[in-house]
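Each chain is listed here by its residues.
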Amino acid sequence: MRKASRKLSIWVLAIICSFSAFQWAAASDSSSIILKNLTLTSKAATSVSLKWGSLTSTAFEVDIQQSQDNTTWSSSVTASEVTPSTTSATVTGLEPSEQYYFRLLITTKTGAIGVSNTVITTLPGQAITDLAVTAGSALKTAVLTWTPAKNASGVLVQYSDDNGKNWSKASYGSLSPSAGTVTVNKLEAGKKYLFRLNVSGGKNAGISNVVSYETSTVTLDDLTVVNVGSNAVNLRWTAPVRATSVKVQKKLSTSSTWSTAASPSKTASAARVTGLTPNATYQFRLLVTGGDNAGTSNVVEVTTSGLELASFELTEKTSTTATLKWSRVTGATSLKIEQSVDGGASWATSETETVLKPTSTTAKVIHLEPGTAYKLRLVVVGGQYANSTNVVSVTLPGLPVNDLAVAAGSSPNTAVLTWTPVEDARQILVQYSDDKGKSWTKASYGSLAADAGTVTVGKLVAGTEYWFRINVVGGKKAGPSNVVTYEASSVSLDDLEVVNVGSNVVNLRWTAPVGAKTIQVQKKLAKSSTWSTAASPSKTAKTARVTGLTPNTAYQFRLLVTGGANAGTSNVVDVTTPGLEVSSFEVKEKTFSTVTLKWSKTTGATSLSIEQSTDGGNTWTASATAGDLKPTATTATVVDLEPATAYKFRLLVTGGQYANSNNVISVTTSAQPIQDLEASNATGSTVVLTWSATNATKYIVYQSTDGGKGWKTAKTSETLGSGSTSATVIGLSPGTTYVFRLYANNGTNAGYSNTTDSITTESSPVDDLRVQGRIGPQSIPLKWTAPKNATKVVLEYWPTDDPTSVKNTTLSKTAASRTVSGLAPNTSYTFHLVVTGGGNAGISNELTVSTAASPITTFRAKSKKATEITFSWTKAIDADAITIQQYVARVGWVDATVEDIIDPNDTSATVTGLSADTTYEFRLIVDGGQNAGISNTIEVTTSRS
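Scoring rules and cut-offs
- Residues numbered from 1 in each chain as written.
- Predicted model: local features only at pLDDT ≥ 70, side-chain atom pairs only at ≥ 80, totals over all residues.
- Heavy atoms only, no water.
- 1 Å grid on protein atoms, 1.4 Å probe; cavity = no way out; pocket = protein on both sides within 12 Å on 5 of 7 lines; lining within 4 Å.
- Points joined across faces, edges and corners; volume = space filled by probe spheres on them.
- Nonpolar A, V, L, I, M, F, W, Y, C, P; charged D, E, K, R; others polar.
- Pairing = 2+ DSSP bridges.
- Helix = DSSP H or I, 4+ residues; strand = E, 2+ residues; numbered from the N terminus.
- Axes fitted to C-alpha atoms, helices over the stretch in contact; angles between N-to-C directions.
- Buried < 20%, exposed > 50% of the residue type's maximum accessible area, 1.4 Å probe, protein only.
- Polar contact = N/O pair within 3.5 Å; in protein donor to acceptor, adjacent residues only side chain to side chain.
- Contact = heavy atoms within 4.5 Å.
- Phe/Tyr/Trp six-rings, centres within 6.5 Å; stacked < 30°, edge-to-face > 60°.
- Lys NZ or Arg CZ within 6 Å of the ring centre and 35° of its normal.

This paragraph deals with the layout of surface pockets. Within this model, the second largest pocket holds a volume of roughly 380 Å³. As for the second largest pocket, its lining consists of 25 residues, of which Asp-434, Gly-463, Thr-464, Glu-465 and Gly-515 are closest to the centre. Residues of the lining of the second largest pocket, tallied by class, amount to 8 nonpolar, 7 polar and 10 charged.

Below, the structure written as C-alpha cells:
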C-alpha cells in the first residue's frame, strides 16, 4: 500500500511539472530566452539572498515569487528592484524559523511565461537583541529583561566570568519560555559578568545579544588602631573576602597625598607600620583590590608618641645631693629636673648647682634632706623627647651611728648591743653577718623602739663569729652604724648514729655542725683504747661511709669537730659488722616449670639450702632441686614450679664467712604457650581455628600471608573470652594462602601459640564483566573489577552463533578494562575472562552483546535525467532488504519508485517518475546485516527535459 501511494504522489507532481514545462516550451517557440538555475546564496532570520544566470534580452519582466506550501505563490519583497538584467536579489520581510519555496516568474515581450526551478529553505530564528541588565535588590544579584520569545520551547540564561571564553548556566529559579525577566543570584561581589540568553525553538531561537554587568562591593569600615609607639603603629581590620591585594596607605594629616605604608597578604587582618616620625599626626586607610570589599576603607587618625629618655640615671649621691646624667636630647628648647618625696604623687622643681641648658647632659641636685627617699625626673620641652618623664628613685644616706658596742649575753646563744639613742629615727633595724660582712641579715630580737639604745640578740649559733650593726631608717643618722664583732660559745654534737652496717662497711649520720673548719670520723676496736681517723668528710657533711672493716668485728665510732658552734668530740656509737653475703646470687635460666640459679663459691660453708616464697616473702618453704646441694656448689636447678608464677628465692648458708647470708631474688616462671592451634574449613573469606582450653583472659588472632614474616590482627565472627577454644576468622581474601597464630593474654598459657600449617581460601572468579561506554560498529568497551594477585588474565570472545571461532587476548594481570576492536558491525558476540592465580582465579561471568550497525555512507547519484536518477552505493553485508526513500514536502520520507526491485546484494538502482529540473532529497534504508540503518542523505536536481 505504501508503494502505491508513493507512485500516485509522484505521478501528480509529474503532471504539474509537465504542464509548466509545456507552457514554457510553448513560449519558447517564439523566444530565445534561456533560464539559468536559481540558487540560494545566503539566508538570515527575515531574509534570503538568491542568484541566477543572466536572461536573454527578450525578457520583459522578472518576478521573484515565494510560497510556504509550494502551491500558493505570491510576489516577494526585495531589497532592490529586480530587472531582466538582474542576476541576484535579497528577499526581505520573511518570518524567522519558517520554511519557504522560491522561484522566478519570467514574462517575455511576446507574452510567453515561464518559471525557474524551485529553491526550498528554512530560515533560522531571530535571536533576541534587546537583552538588558540592571542591579538586583541584593548585593550579589542582577536583573535581566528582554522581549519575551515567540513560541520558544525553552529559555536558558548563561553567564561568563572570563570575558566570554566560557559560558555556564546562571543561578536562578524556574523560568518560563514566555518570560521576559529573571533575577540571577549567587554572583560574586566586585566581579565583571557577561550574560546572554540561549533560546530553544520558536521565532527567536538562538543566542541573544550579550550584556555586561559588574557587581558592587562593600568597602571595609572597621579599620582600627591597636596600639601606637613613637615610630610605629599596629592596625587591625576584618579580613577582606576574595581580595587580590591589600595595601595599607598613609599620609600626614596636613598632606593630601597618600602613599603605601605596608603590603600585607590578601587575607591579612592586621599590619604593623614602622618608620614613622615621633610626635607626628598621620592618617591611615586600606586600599583593597578585587573581591567583595574592593575599594578604600574608613580613615583613622593617629598621633605618634614622643621618644623617651631611657638613659636618665643617678651617678653619685651624698646625704644632701644627688648627681644625675643623661644622653643629649636633640631639639629640646629647655630642661628642668623635678623631685618628689611622696612617691610621685606631687612634684616640685629641684634646685641644681648650675642652671640647666637645653644641651646639658648632667646636673647636681642640692639642698636635699639626709636619709630621705626621693623620686627625680627630667622634664623636656620641645623636640622628639618632649614630655619625657624618666624617673629615678634615690634614698640619700644619713649621718650614721658610730658608738655601737657589744657585751656578753646571759647565755652562749645571745649578745647585748648598746648605742646612743637616735632622737629623730623612724625605725632601727639590727643586722648581723656570719661571713665577715659579705652579707647581712636581720638579727633575732623582740620589738625595738626607734629611740632605743640597747637590744639583746638571740638565737646565735655557738662557736660562730658574728659581726653586728644597726641600720637607722629616717632622721639625721639614717644608715648603717659602725660594726662590732662577737663569738658565741660552742656545743659538741651528741646525735652520731649508725644508719646501716655491712660485713666490711658502716654508714653513720649526725646533725651537720655549724661553722666547722674540719670534721673527722674516728674509730677503734671495742677492746682497744686508741682512736684513729676512719674518714674525713667535708666540714658541712652530716653523713659518712667507713669501709675496710673486718666482718663479725666490734667497733666504736665518734666525730672530732674543729671550729664552729659544735667544736669538740661527739658521742660514741658501738657497731658489730655482720658476716659476708653471697652478693652474686642470681638467675641463670628459667622455663615454665624450672629456675636455674647461680652464685659465687661460699668459702668455709658447712651446708647450703634454697627456699622459695609465692607470697612476696611472707612465708618460705624448702625448694625441690634437681640434685643434692653440696657446700661447694655454685649452681642449682629448682624444679616442680608453676608456669607464669612469681617466686622469691633465697640461699641459706651455714658456717664460714657467709654464714646467715639471706640474699633474695625475684623471678617469674615463663608461661607455657598454646601448641595445638589448628586451621581448617577454609571458604572464600573464612577459616576456622581450634585449640585446647586455657585460663587466659583474652585472645588475639593474628594472620600472615607471607609465611609468618609479617603479621596483622585478624577479624573473628565472635568475641573471644577466657573459655574460648575456637574462632572463625572472617574478611579473608579469596584464593590466598594464610598462616595463623594466637596470642593469649595472662594465664599459664600466655604468649604466642604455634603457627598453623598454611591454608588457602577458595577463589572467587570475576562476576562483573560488563559493557562500559559507547558500543561502536566494530568495537565494544568492556570493564570489570581488577582481579587480585592474578598471575595471568586472558579475555576470550566469539560470535555468539559460532562458539567454535574463539579468539583470545592476554591482558595485564591487573587489567580492569579493554575495548575489543576489529569486530563485525551489527553482530552478537560473547565474552568471558579466564583468570589464573590469585583470589579471583577461574572463568568470569559470560557477557553477550551486539556491535552497532554501520550504515552506508557512500550513497550517491551516479547519473540523472529529466525524470529519473540512477544511484550507487557500497555493497551491504548480509542485508535482508534495501529501499530508496525520497522526501516529499508536508508528507515526509516516502519510498521512491524504482525501475526494478532492489536485491539486497545490489549496489545500484534507478528512481523513476520524477519531474524535470526539480531538486529532491534521497536516502537509502538497509534492513538487517552489518549496514542496517539509514544511509547518508543526498540532494539531487533532475535535468531539464
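Read across the sheet, 3 strands follow the order β26-β27-β30 without closing on themselves; strand pairing throughout is antiparallel. Of all the strands in the sheet, the pair left with one neighbour each is β26 (313-317) and β30 (362-365). Here the strands of the sheet are splayed against their neighbours by 25 degrees on average, with no regard to which way each runs. Of the strand pairs in this sheet, β26 and strand β27 (residues 322-325) are connected by 4 bridges, and their pairing is antiparallel. By the bridge assignment, Lys-317 is partnered in β27 with Ala-322.

Another point: the sheet that holds strand β53 (residues 635-638). Judged by pairing direction, the sheet is antiparallel, and its 3 strands sit side by side in the order β49-β50-β53 without closing on themselves. What marks the edges here is a single partner per strand, and that holds for β49 (586-590) and β53. Strand-to-strand twist in this sheet, taken as the mean axis angle between neighbours without regard to direction, amounts to 25 degrees. Note that strand β50 (residues 595-598) and β53 share 4 bridges and pair antiparallel. Following the sheet pairing, Thr-596 is matched in β53 by Thr-637.

What follows covers the pairing of strand β2 (residues 48-51). In this structure, strand β1 (residues 39-43) lies alongside β2, joined through 4 bridges in antiparallel fashion. Its bridge partner lying in β2, Thr-39 is registered against Lys-51. Counted along the chain from β1 to the antiparallel partner β2, the turn is 4 residues long. Bridging between β2 and strand β6 (residues 88-92) involves 4 bridges; their strand directions are antiparallel. Across the sheet, Lys-51 pairs through a bridge with Ser-88, a residue of β6.

This next bit is on unusual backbone geometry. Here the phi dihedral of Ser-97 falls at roughly 65 degrees; this positive angle occurs in a residue that is not glycine. With respect to the helices and strands, Ser-97 occurs in the loop between β6 and β7 (99-108). Although it is not a glycine, Asp-917 adopts a positive phi angle of roughly 50 degrees. Positionally, Asp-917 belongs in the loop between β77 (908-911) and β78 (919-927).

Inspection of the secondary structure puts Gln-339 in strand β28 (residues 334-340). The class of Gln-339 is buried, set by a relative accessible area of 19%. At 2.8 Å, the side chain of Gln-339 and the side chain of Ser-350 are in polar contact. Apart from residues lying up to four places away in sequence, Gln-339 is in contact with Ser-346, Trp-347, Ala-348, Ser-350, Glu-351, Val-365, Leu-368, Tyr-374, Lys-375 and Leu-376.

Looking now at the packing of aromatic side chains. To describe a pair of aromatic rings, one takes the distance between the centres and the angle between the planes. Going through the model one piece at a time under the given rule, you end up with 21 aromatic pairs. Here the aromatic cluster, defined as three or more aromatic residues joined through ring pairs, consists of Phe-859, Phe-871, Trp-873, Tyr-920 and Phe-922. The ring centre of Trp-73 lies 4.0 Å from the NZ or CZ of Arg-103, which sits over that ring. The residue whose ring lies beneath Lys-442 is Tyr-445, and the NZ or CZ to ring-centre distance is 4.2 Å.

These results come straight from atomic positions and should not be treated as a statement about function.
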